[in-house]
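The primary structure of each chain is shown beneath.
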Amino acid sequence: MNATLAAAITSYTFFFLTGFFINIGGPVSNAAAAAFGTDTAALGFCFSLFMVGRLIGILGNGALVRKRGINRNVHVRALGLAALFAAAGIILLARGVNGFAAWIFLAGIAIGGMYSASNMILVDIFEGSRRAFHVSMINFFYSVGAVLSPALSGALLKLGAPWYAPYVAFAAILLAWAAVTAGASFARLFGGTGAEPQSPSPSAAQGPERITPPLLLICAAIVLVIFAEYMTTFWTPVYLREFRGEDALFSGLAVSAFWVAVLIGRFAESMLIARIRPRFYILASGTAAIIALLALPFQASRPTILVSAFASGALCAGLFPALFTFGASRAERLKHTFPTLMMVSAAIGSFLAMTAGSLIKRAAGVQGVMFAAPVAVALTVVTVFAVALADAKEQK
(Lines give C-alpha, C1' and ligand atoms only; values in the text may rest on other atoms or scores of the structure.)
Protein backbone atom coordinates (compact mmCIF):
# COMPACT_ATOMS: atom_id res chain seq x y z
CA MET A 1 0.00 0.00 0.00
CA ASN A 2 1.22 3.51 -0.85
CA ALA A 3 2.76 5.15 2.24
CA THR A 4 0.75 8.37 1.90
CA LEU A 5 -2.49 6.43 1.46
CA ALA A 6 -1.70 4.25 4.49
CA ALA A 7 -0.98 7.34 6.57
CA ALA A 8 -4.21 9.01 5.46
CA ILE A 9 -6.24 5.84 6.18
CA THR A 10 -4.66 5.68 9.62
CA SER A 11 -5.47 9.32 10.33
CA TYR A 12 -9.09 8.91 9.28
CA THR A 13 -9.51 5.59 11.12
CA PHE A 14 -7.96 6.87 14.35
CA PHE A 15 -10.19 9.93 14.31
CA PHE A 16 -13.25 7.79 13.59
CA LEU A 17 -12.36 5.51 16.50
CA THR A 18 -11.76 8.51 18.77
CA GLY A 19 -15.27 9.78 18.08
CA PHE A 20 -16.67 6.27 18.47
CA PHE A 21 -14.97 5.54 21.80
CA ILE A 22 -15.59 8.89 23.47
CA ASN A 23 -19.30 8.86 22.72
CA ILE A 24 -19.91 5.42 24.21
CA GLY A 25 -19.67 6.95 27.68
CA GLY A 26 -22.96 8.82 27.97
CA PRO A 27 -25.29 6.05 26.73
CA VAL A 28 -23.68 3.31 28.89
CA SER A 29 -23.29 5.39 32.07
CA ASN A 30 -26.61 4.41 33.65
CA ALA A 31 -26.13 0.70 32.93
CA ALA A 32 -22.49 0.74 34.08
CA ALA A 33 -23.38 2.66 37.25
CA ALA A 34 -26.09 0.11 38.05
CA ALA A 35 -23.64 -2.75 37.47
CA PHE A 36 -21.07 -1.11 39.75
CA GLY A 37 -23.60 -0.15 42.44
CA THR A 38 -22.93 3.59 42.15
CA ASP A 39 -24.45 6.67 40.46
CA THR A 40 -23.83 8.48 37.18
CA ALA A 41 -22.06 11.37 38.90
CA ALA A 42 -19.37 8.88 40.01
CA LEU A 43 -19.13 7.64 36.41
CA GLY A 44 -18.71 11.25 35.34
CA PHE A 45 -15.64 11.50 37.57
CA CYS A 46 -14.32 8.25 36.04
CA PHE A 47 -14.62 9.79 32.59
CA SER A 48 -12.77 12.82 33.96
CA LEU A 49 -9.85 10.44 34.50
CA PHE A 50 -10.26 9.37 30.88
CA MET A 51 -9.84 13.01 29.85
CA VAL A 52 -6.74 13.35 32.04
CA GLY A 53 -5.32 10.28 30.33
CA ARG A 54 -6.24 11.75 26.96
CA LEU A 55 -4.23 14.88 27.81
CA ILE A 56 -1.24 12.72 28.76
CA GLY A 57 -1.58 10.82 25.47
CA ILE A 58 -1.67 14.03 23.43
CA LEU A 59 1.40 15.44 25.18
CA GLY A 60 3.22 12.12 24.94
CA ASN A 61 2.59 11.75 21.23
CA GLY A 62 3.53 15.40 20.66
CA ALA A 63 6.88 14.74 22.36
CA LEU A 64 7.43 11.58 20.28
CA VAL A 65 6.64 13.44 17.04
CA ARG A 66 9.35 16.01 17.80
CA LYS A 67 11.89 13.33 18.73
CA ARG A 68 14.10 12.19 15.84
CA GLY A 69 15.40 8.69 15.32
CA ILE A 70 12.24 6.90 16.47
CA ASN A 71 10.96 3.98 14.42
CA ARG A 72 7.69 5.43 13.16
CA ASN A 73 6.25 2.04 12.27
CA VAL A 74 6.52 1.04 15.93
CA HIS A 75 5.33 4.49 17.04
CA VAL A 76 2.10 4.47 15.04
CA ARG A 77 1.24 0.81 15.56
CA ALA A 78 1.91 1.04 19.30
CA LEU A 79 -0.87 3.63 19.56
CA GLY A 80 -3.38 1.18 18.11
CA LEU A 81 -2.07 -1.68 20.25
CA ALA A 82 -2.36 0.41 23.43
CA ALA A 83 -5.99 1.25 22.63
CA LEU A 84 -6.75 -2.43 21.96
CA PHE A 85 -5.14 -3.42 25.27
CA ALA A 86 -7.18 -0.83 27.19
CA ALA A 87 -10.42 -1.90 25.49
CA ALA A 88 -9.68 -5.52 26.42
CA GLY A 89 -9.20 -4.44 30.04
CA ILE A 90 -12.55 -2.64 30.07
CA ILE A 91 -14.31 -5.64 28.53
CA LEU A 92 -12.71 -8.41 30.60
CA LEU A 93 -11.54 -6.89 33.88
CA ALA A 94 -13.53 -3.76 34.78
CA ARG A 95 -16.20 -5.14 37.11
CA GLY A 96 -16.21 -2.34 39.70
CA VAL A 97 -15.98 1.42 39.67
CA ASN A 98 -12.30 1.46 40.73
CA GLY A 99 -11.28 -1.03 38.06
CA PHE A 100 -13.28 0.86 35.46
CA ALA A 101 -11.59 4.12 36.49
CA ALA A 102 -8.14 2.56 36.05
CA TRP A 103 -8.86 1.03 32.64
CA ILE A 104 -10.69 4.08 31.29
CA PHE A 105 -7.69 6.20 32.36
CA LEU A 106 -5.38 3.93 30.33
CA ALA A 107 -7.83 4.08 27.43
CA GLY A 108 -7.66 7.87 27.63
CA ILE A 109 -3.88 7.79 27.17
CA ALA A 110 -4.23 5.58 24.10
CA ILE A 111 -7.09 7.61 22.61
CA GLY A 112 -5.15 10.83 23.24
CA GLY A 113 -2.20 9.44 21.33
CA MET A 114 -4.44 8.33 18.45
CA TYR A 115 -6.19 11.72 18.38
CA SER A 116 -2.87 13.58 18.33
CA ALA A 117 -1.40 11.31 15.66
CA SER A 118 -4.48 11.78 13.45
CA ASN A 119 -4.02 15.54 13.34
CA MET A 120 -0.23 15.47 13.16
CA ILE A 121 -0.23 13.02 10.24
CA LEU A 122 -2.33 15.40 8.16
CA VAL A 123 -0.23 18.40 9.17
CA ASP A 124 2.82 16.40 8.10
CA ILE A 125 1.67 15.11 4.70
CA PHE A 126 -0.59 17.93 3.44
CA GLU A 127 -0.29 21.69 3.13
CA GLY A 128 -2.49 24.71 2.45
CA SER A 129 -6.04 24.16 1.19
CA ARG A 130 -5.52 20.37 1.02
CA ARG A 131 -4.66 20.36 4.70
CA ALA A 132 -7.73 22.46 5.56
CA PHE A 133 -9.91 20.04 3.59
CA HIS A 134 -8.50 16.92 5.24
CA VAL A 135 -8.61 18.44 8.75
CA SER A 136 -12.30 19.12 8.20
CA MET A 137 -12.84 15.65 6.74
CA ILE A 138 -11.23 13.77 9.64
CA ASN A 139 -13.55 15.73 11.91
CA PHE A 140 -16.34 14.52 9.62
CA PHE A 141 -15.17 10.94 10.26
CA TYR A 142 -15.02 11.66 13.99
CA SER A 143 -18.68 12.60 13.64
CA VAL A 144 -19.42 9.34 11.82
CA GLY A 145 -18.01 7.44 14.78
CA ALA A 146 -19.89 9.68 17.18
CA VAL A 147 -23.15 9.03 15.33
CA LEU A 148 -22.72 5.27 15.31
CA SER A 149 -21.61 4.61 18.88
CA PRO A 150 -24.52 6.18 20.87
CA ALA A 151 -27.15 4.54 18.65
CA LEU A 152 -25.31 1.21 18.71
CA SER A 153 -24.83 1.45 22.49
CA GLY A 154 -28.50 2.23 23.09
CA ALA A 155 -29.63 -0.59 20.78
CA LEU A 156 -27.30 -3.16 22.38
CA LEU A 157 -28.42 -2.20 25.90
CA LYS A 158 -32.08 -2.36 24.90
CA LEU A 159 -31.46 -5.88 23.54
CA GLY A 160 -30.07 -6.86 26.94
CA ALA A 161 -26.35 -6.81 26.12
CA PRO A 162 -23.93 -5.98 28.98
CA TRP A 163 -22.82 -2.37 29.42
CA TYR A 164 -19.36 -3.09 27.95
CA ALA A 165 -20.68 -4.50 24.64
CA PRO A 166 -19.98 -1.27 22.64
CA TYR A 167 -16.31 -1.52 23.61
CA VAL A 168 -16.20 -4.93 21.89
CA ALA A 169 -17.26 -3.20 18.65
CA PHE A 170 -14.46 -0.64 19.14
CA ALA A 171 -11.88 -3.41 19.51
CA ALA A 172 -13.18 -5.17 16.38
CA ILE A 173 -12.83 -2.00 14.26
CA LEU A 174 -9.31 -1.46 15.56
CA LEU A 175 -8.37 -5.02 14.58
CA ALA A 176 -9.75 -4.36 11.09
CA TRP A 177 -7.49 -1.28 10.76
CA ALA A 178 -4.49 -3.33 11.82
CA ALA A 179 -5.29 -5.93 9.16
CA VAL A 180 -5.78 -3.39 6.35
CA THR A 181 -2.52 -1.53 7.07
CA ALA A 182 -0.48 -4.60 8.03
CA GLY A 183 1.83 -4.32 5.02
CA ALA A 184 2.14 -0.52 5.00
CA SER A 185 5.12 1.55 6.10
CA PHE A 186 4.91 4.64 8.29
CA ALA A 187 8.67 5.23 8.24
CA ARG A 188 8.42 8.58 6.46
CA LEU A 189 6.07 10.20 8.97
CA PHE A 190 7.22 13.03 11.25
CA GLY A 191 10.71 13.18 9.76
CA GLY A 192 11.31 9.48 10.47
CA THR A 193 13.76 7.18 8.69
CA GLY A 194 13.55 7.65 4.96
CA ALA A 195 11.74 10.98 5.19
CA GLU A 196 12.52 13.48 2.53
CA PRO A 197 13.61 16.86 3.87
CA GLN A 198 10.82 19.38 3.77
CA SER A 199 11.51 22.94 2.74
CA PRO A 200 9.51 25.58 4.52
CA SER A 201 6.66 27.09 2.56
CA PRO A 202 6.53 30.87 1.95
CA SER A 203 3.73 31.14 4.49
CA ALA A 204 5.84 29.32 7.05
CA ALA A 205 8.70 31.77 6.56
CA GLN A 206 6.40 34.67 7.26
CA GLY A 207 4.55 33.03 10.18
CA PRO A 208 5.04 33.80 13.87
CA GLU A 209 7.97 32.17 15.65
CA ARG A 210 6.38 32.23 19.09
CA ILE A 211 3.02 31.74 20.74
CA THR A 212 1.33 35.14 20.51
CA PRO A 213 -1.68 36.39 22.54
CA PRO A 214 -4.09 35.86 19.59
CA LEU A 215 -2.91 32.23 19.31
CA LEU A 216 -3.54 31.76 23.03
CA LEU A 217 -7.02 33.19 22.59
CA ILE A 218 -7.66 30.65 19.83
CA CYS A 219 -6.60 27.89 22.24
CA ALA A 220 -9.00 29.30 24.85
CA ALA A 221 -11.79 29.23 22.25
CA ILE A 222 -10.98 25.56 21.52
CA VAL A 223 -11.24 24.77 25.25
CA LEU A 224 -14.70 26.36 25.32
CA VAL A 225 -15.98 24.71 22.13
CA ILE A 226 -14.91 21.22 23.19
CA PHE A 227 -16.30 21.85 26.67
CA ALA A 228 -19.67 22.69 25.10
CA GLU A 229 -19.54 19.66 22.79
CA TYR A 230 -18.83 17.20 25.60
CA MET A 231 -21.33 18.78 27.96
CA THR A 232 -23.95 18.17 25.29
CA THR A 233 -22.98 14.70 24.10
CA PHE A 234 -22.11 13.13 27.46
CA TRP A 235 -24.74 14.68 29.71
CA THR A 236 -27.75 14.86 27.36
CA PRO A 237 -28.47 11.08 27.55
CA VAL A 238 -28.02 11.21 31.34
CA TYR A 239 -30.44 14.17 31.49
CA LEU A 240 -32.99 12.41 29.28
CA ARG A 241 -32.94 9.24 31.38
CA GLU A 242 -32.88 10.83 34.84
CA PHE A 243 -34.96 13.99 34.33
CA ARG A 244 -37.21 13.07 31.38
CA GLY A 245 -37.51 9.36 32.17
CA GLU A 246 -36.59 8.24 28.65
CA ASP A 247 -35.20 4.79 27.87
CA ALA A 248 -31.62 3.97 26.85
CA LEU A 249 -32.43 3.64 23.15
CA PHE A 250 -34.05 7.06 22.77
CA SER A 251 -31.38 8.72 24.93
CA GLY A 252 -28.70 7.27 22.65
CA LEU A 253 -30.65 8.29 19.54
CA ALA A 254 -30.81 11.90 20.76
CA VAL A 255 -27.01 12.01 20.89
CA SER A 256 -26.85 10.31 17.51
CA ALA A 257 -29.18 13.00 16.11
CA PHE A 258 -26.71 15.61 17.37
CA TRP A 259 -23.84 13.79 15.68
CA VAL A 260 -25.73 13.16 12.43
CA ALA A 261 -26.12 16.93 12.22
CA VAL A 262 -22.44 17.41 13.10
CA LEU A 263 -21.50 14.93 10.40
CA ILE A 264 -23.52 16.83 7.79
CA GLY A 265 -22.33 20.19 9.09
CA ARG A 266 -18.67 19.23 9.05
CA PHE A 267 -18.92 17.94 5.51
CA ALA A 268 -20.50 21.27 4.52
CA GLU A 269 -17.82 23.15 6.47
CA SER A 270 -15.07 21.24 4.64
CA MET A 271 -16.53 22.56 1.37
CA LEU A 272 -16.98 26.11 2.66
CA ILE A 273 -13.76 26.63 4.60
CA ALA A 274 -11.68 27.33 1.48
CA ARG A 275 -14.22 29.94 0.33
CA ILE A 276 -15.07 31.90 3.46
CA ARG A 277 -13.03 33.18 6.37
CA PRO A 278 -12.91 30.73 9.30
CA ARG A 279 -13.40 33.67 11.68
CA PHE A 280 -16.66 34.70 10.01
CA TYR A 281 -17.88 31.10 10.05
CA ILE A 282 -17.14 30.78 13.78
CA LEU A 283 -18.91 34.02 14.71
CA ALA A 284 -22.01 33.33 12.61
CA SER A 285 -22.40 29.63 13.43
CA GLY A 286 -21.50 30.12 17.09
CA THR A 287 -24.15 32.80 17.60
CA ALA A 288 -26.86 30.57 16.12
CA ALA A 289 -25.59 27.58 18.16
CA ILE A 290 -26.15 29.48 21.41
CA ILE A 291 -29.86 29.79 20.61
CA ALA A 292 -30.21 26.11 19.63
CA LEU A 293 -28.42 24.84 22.75
CA LEU A 294 -30.53 27.06 25.00
CA ALA A 295 -33.70 25.65 23.44
CA LEU A 296 -32.76 21.98 23.94
CA PRO A 297 -33.64 21.58 27.66
CA PHE A 298 -37.04 23.25 27.12
CA GLN A 299 -38.25 20.57 24.70
CA ALA A 300 -40.82 18.14 26.14
CA SER A 301 -41.75 15.75 23.32
CA ARG A 302 -39.55 13.18 21.62
CA PRO A 303 -39.77 14.74 18.14
CA THR A 304 -38.87 18.24 19.38
CA ILE A 305 -35.99 16.87 21.48
CA LEU A 306 -34.56 15.17 18.39
CA VAL A 307 -35.06 18.27 16.23
CA SER A 308 -33.43 20.48 18.86
CA ALA A 309 -30.49 18.09 19.26
CA PHE A 310 -30.08 17.99 15.48
CA ALA A 311 -30.13 21.80 15.20
CA SER A 312 -27.56 22.11 17.99
CA GLY A 313 -25.24 19.65 16.25
CA ALA A 314 -25.56 21.32 12.86
CA LEU A 315 -24.67 24.74 14.26
CA CYS A 316 -21.82 23.49 16.48
CA ALA A 317 -20.45 21.25 13.72
CA GLY A 318 -17.72 23.36 12.17
CA LEU A 319 -16.58 25.33 15.21
CA PHE A 320 -13.67 23.09 16.19
CA PRO A 321 -12.27 22.35 12.68
CA ALA A 322 -12.64 26.05 11.78
CA LEU A 323 -10.74 27.03 14.92
CA PHE A 324 -8.07 24.41 14.22
CA THR A 325 -7.65 25.65 10.65
CA PHE A 326 -7.72 29.27 11.82
CA GLY A 327 -4.97 28.57 14.36
CA ALA A 328 -2.79 26.34 12.14
CA SER A 329 -2.81 28.89 9.32
CA ARG A 330 -1.48 31.54 11.73
CA ALA A 331 1.34 29.33 13.05
CA GLU A 332 3.00 27.66 10.06
CA ARG A 333 6.46 27.90 11.65
CA LEU A 334 5.12 26.09 14.70
CA LYS A 335 4.07 23.20 12.48
CA HIS A 336 4.10 20.55 15.21
CA THR A 337 4.19 22.60 18.42
CA PHE A 338 1.06 24.71 17.97
CA PRO A 339 -1.20 21.89 16.69
CA THR A 340 -0.19 19.96 19.81
CA LEU A 341 -1.12 22.97 21.93
CA MET A 342 -4.51 23.16 20.21
CA MET A 343 -5.09 19.45 20.83
CA VAL A 344 -4.10 19.90 24.48
CA SER A 345 -6.66 22.71 24.63
CA ALA A 346 -9.29 20.32 23.28
CA ALA A 347 -8.35 17.74 25.93
CA ILE A 348 -8.63 20.36 28.67
CA GLY A 349 -12.10 21.29 27.43
CA SER A 350 -13.25 17.66 27.50
CA PHE A 351 -11.82 17.12 30.99
CA LEU A 352 -13.53 20.23 32.30
CA ALA A 353 -16.84 19.06 30.81
CA MET A 354 -16.71 15.78 32.71
CA THR A 355 -15.66 17.36 36.00
CA ALA A 356 -17.89 20.44 35.76
CA GLY A 357 -20.85 18.32 34.70
CA SER A 358 -20.55 16.09 37.77
CA LEU A 359 -20.15 19.09 40.08
CA ILE A 360 -23.07 20.98 38.52
CA LYS A 361 -25.24 17.86 38.67
CA ARG A 362 -24.63 17.45 42.39
CA ALA A 363 -25.11 21.15 43.11
CA ALA A 364 -28.01 22.08 40.80
CA GLY A 365 -29.40 18.82 39.44
CA VAL A 366 -28.99 17.27 36.03
CA GLN A 367 -31.21 19.89 34.38
CA GLY A 368 -28.73 22.61 35.37
CA VAL A 369 -25.98 20.82 33.44
CA MET A 370 -27.81 21.52 30.18
CA PHE A 371 -27.18 25.27 30.38
CA ALA A 372 -23.38 25.05 30.60
CA ALA A 373 -22.90 24.39 26.85
CA PRO A 374 -24.62 27.55 25.52
CA VAL A 375 -22.69 29.67 28.02
CA ALA A 376 -19.42 28.14 26.77
CA VAL A 377 -20.29 28.80 23.12
CA ALA A 378 -21.19 32.40 23.98
CA LEU A 379 -17.75 32.83 25.54
CA THR A 380 -16.23 31.30 22.38
CA VAL A 381 -17.90 33.92 20.21
CA VAL A 382 -16.62 36.67 22.51
CA THR A 383 -13.09 35.20 22.42
CA VAL A 384 -12.97 34.97 18.61
CA PHE A 385 -14.30 38.52 18.39
CA ALA A 386 -11.40 39.55 20.66
CA VAL A 387 -8.97 37.89 18.21
CA ALA A 388 -10.59 39.88 15.39
CA LEU A 389 -10.08 43.09 17.33
CA ALA A 390 -6.42 42.16 17.99
CA ASP A 391 -5.93 41.49 14.27
CA ALA A 392 -7.44 44.85 13.37
CA LYS A 393 -5.19 46.57 15.87
CA GLU A 394 -2.09 44.86 14.41
CA GLN A 395 -3.02 45.91 10.89
CA LYS A 396 -3.19 49.54 11.97
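Residues numbered from 1 in each chain as written. Predicted model: local features only at pLDDT ≥ 70, side-chain atom pairs only at ≥ 80, totals over all residues. Heavy atoms only, no water.

K.L.:
Help me get a handle on the overall build of the protein chain, residues and values and all.
P.N.:
Scanning the protein chain for helices and strands turns up 16 helices and 0 strands. The buried share of the protein chain, reckoned over its 396 residues, is 58%. For the protein chain, contacts bridging at least 24 residues in sequence account for 86% of all contacts bridging at least 6. For the protein chain, the accessible area works out to roughly 15,100 Å², and carbon and sulfur atoms hold 69% of it. (Helix = DSSP H or I, 4+ residues; strand = E, 2+ residues; numbered from the N terminus. Buried < 20%, exposed > 50% of the residue type's maximum accessible area, 1.4 Å probe, protein only. Contact = heavy atoms within 4.5 Å. Areas by Shrake-Rupley, 256 points an atom, 1.4 Å probe, with all protein chains shown as cover.)

K.L.:
Explain the side chain of R54 residue by residue, including any values.
P.N.:
Position of R54 among the secondary structure elements: in helix α3 (residues 40–66). Buried within the structure, R54 lacks any salt-bridge partner; its nearest side chain of opposite charge belongs to E229, at an N-O separation of 7.3 Å. Each residue touching R54, except ones within four places of it in the same chain, is listed here: I22, G108, I109, G112, Y115, Y230, A346, A347 and S350. (Lys, Arg positive; Asp, Glu negative; His and termini not counted. Salt bridge = Lys/Arg side-chain N within 4 Å of Asp/Glu carboxyl O.)

K.L.:
Please give an account of the nonpolar core that cites residues and values.
P.N.:
The nonpolar side chains of a soluble globular protein tend to be buried, and buried together. Grouped together as the largest cluster of nonpolar side chains are 122 residues, with contacts concentrated most on F21, F47, F50, I90, F100, Y167 and F170. Among the elements that take part in this core, helix α9 (residues 213–242) stands out by supplying 17 residues, more than any other. Contact partners of I90, with chain neighbours within four places excluded, come to F21, R95, F100, W103, I104, A107, W163, Y164 and Y167. (Core = buried A, V, L, I, M, F, W, Y, C linked by side-chain atoms within 4.5 Å.)

K.L.:
So what's going on with α9? Which residues, and what values?
P.N.:
With 30 residues, α9 should reach 44 Å at 1.5 Å per residue; the first-to-last C-alpha distance of 42 Å fits that figure. At W235, α9 shows its strongest bend, of approximately 40°, with the proline P237 following within four residues. Burial of α9 is extensive: 24 of the 30 residues sit out of reach of the surface. (Expected span 1.5 Å × (residues − 1). Bend = angle between axes of the 7 residues up to and from the residue.)

K.L.:
Hey, could you go over the packing of aromatic side chains for me, with residue numbers and the actual values?
P.N.:
A ring pair, where both rings are aromatic, is described by two values, the distance of the centres and the angle of the planes. Counted by the stated rule, this structure contains 21 aromatic pairs. Ring plane angle 55° and centroid distance 5.7 Å describe the contact between F15 and Y142, whose orientation is recorded as tilted. Here F15 is found in helix α1 (residues 3–22), whereas its partner Y142 is found in helix α6 (residues 128–158), with 127 residues between them in sequence. With relative accessibility at 1%, the residue F15 sits in the buried group. Between F258 and W259 the ring centres are 5.4 Å apart and the planes differ by 85°, which places this aromatic pair in the edge-to-face class. The buried category is assigned to F258, whose relative accessible area is 3%. (Phe/Tyr/Trp six-rings, centres within 6.5 Å; stacked < 30°, edge-to-face > 60°.)

K.L.:
I'd like to hear about the confidence of the model for the protein chain, residue by residue, with values.
P.N.:
A residue-level look at the protein chain finds 89% of positions with pLDDT of 70 or above and a mean pLDDT of 82. The low-confidence segment residues 194–208, where pLDDT is below 50, has 17 contacts with residues more than four positions distant or belonging to other chains. (pLDDT = per-residue confidence, 0-100.)

K.L.:
I'd like a description of the environment of A32, backed by residues and values.
P.N.:
Mapping A32 onto the fold places it in helix α2 (residues 25–36). You can call A32 buried: its relative accessible area is 1%. With 68 residues separating them along the chain, A32 and F100 place their C-alpha atoms 9.3 Å apart. A32 has contacts with L43 and W163, leaving out every residue within four places of it along the chain.

K.L.:
Quick one: what's the story with the pattern of salt bridges, residue by residue and with numbers?
P.N.:
According to the stated counting rule, one finds 5 salt bridges in the structure shown. Residue K158 pairs with D247 through a salt bridge whose shortest N-O separation is 3.5 Å. Of this pair, K158 sits in helix α6 while D247 sits in the loop between α9 and α10 (248–272); the two residues are 89 residues apart in sequence, bridging distant segments of the chain. Relative accessible area serves as the criterion here: at 51%, K158 is assigned to the exposed category. Since its relative accessible area comes to 28%, D247 is described here as partly exposed. Through salt bridges with shared partners, a single ionic network connects K158, E246, D247 and R302.

K.L.:
Residue-level account of the environment of A146, with values.
P.N.:
Structurally, A146 is set in helix α6. On the accessibility criterion, A146 (0% relative accessible area) is buried. Linking A146 and W259, residues 113 residues apart in sequence, is a C-alpha distance of 5.9 Å. Residue contacts for A146: discarding those within four places in its chain leaves G19, F20, N23 and W259.

K.L.:
I'd like a rundown of α10, residues and numbers included.
P.N.:
If you check α10, its first and last C-alpha atoms are 36 Å apart, about what 25 residues at 1.5 Å a residue would give, namely 36 Å. Capping of α10 at its N-terminal end is provided by D247; its side-chain oxygen lies 3.3 Å from the backbone amide nitrogen of L249. (Polar contact = N/O pair within 3.5 Å; in protein donor to acceptor, adjacent residues only side chain to side chain.)

K.L.:
Run through the packing of α2 against α9, naming residues and quoting values.
P.N.:
Closest axis-to-axis distance for the α2/α9 pair is 7 Å, and the angle between their directions is 45°. As summarised for this structure, α2 and α9 are arranged oblique, according to the angle between their axes. Two secondary-structure elements touch here, α2 through G25, G26, P27, S29 and N30 and α9 through F234, P237, V238, R241 and E242. (Axes fitted to C-alpha atoms, helices over the stretch in contact; angles between N-to-C directions. Parallel < 35°, antiparallel > 145°, perpendicular 65-115°, else oblique.)

K.L.:
How would you summarise the environment of W103 if you had to cite specific residues and measurements?
P.N.:
Its place among the elements puts W103 in helix α5 (residues 97–125). Accessibility expressed as a relative area gives 15% for W103, which makes it buried. Taking the C-alpha atoms as reference points, W103 and I91, 12 residues apart in sequence, are found 9.5 Å from one another. If we skip the residues at most four places from it in the chain, W103 touches F85, A86, G89, I90, L93 and A94.

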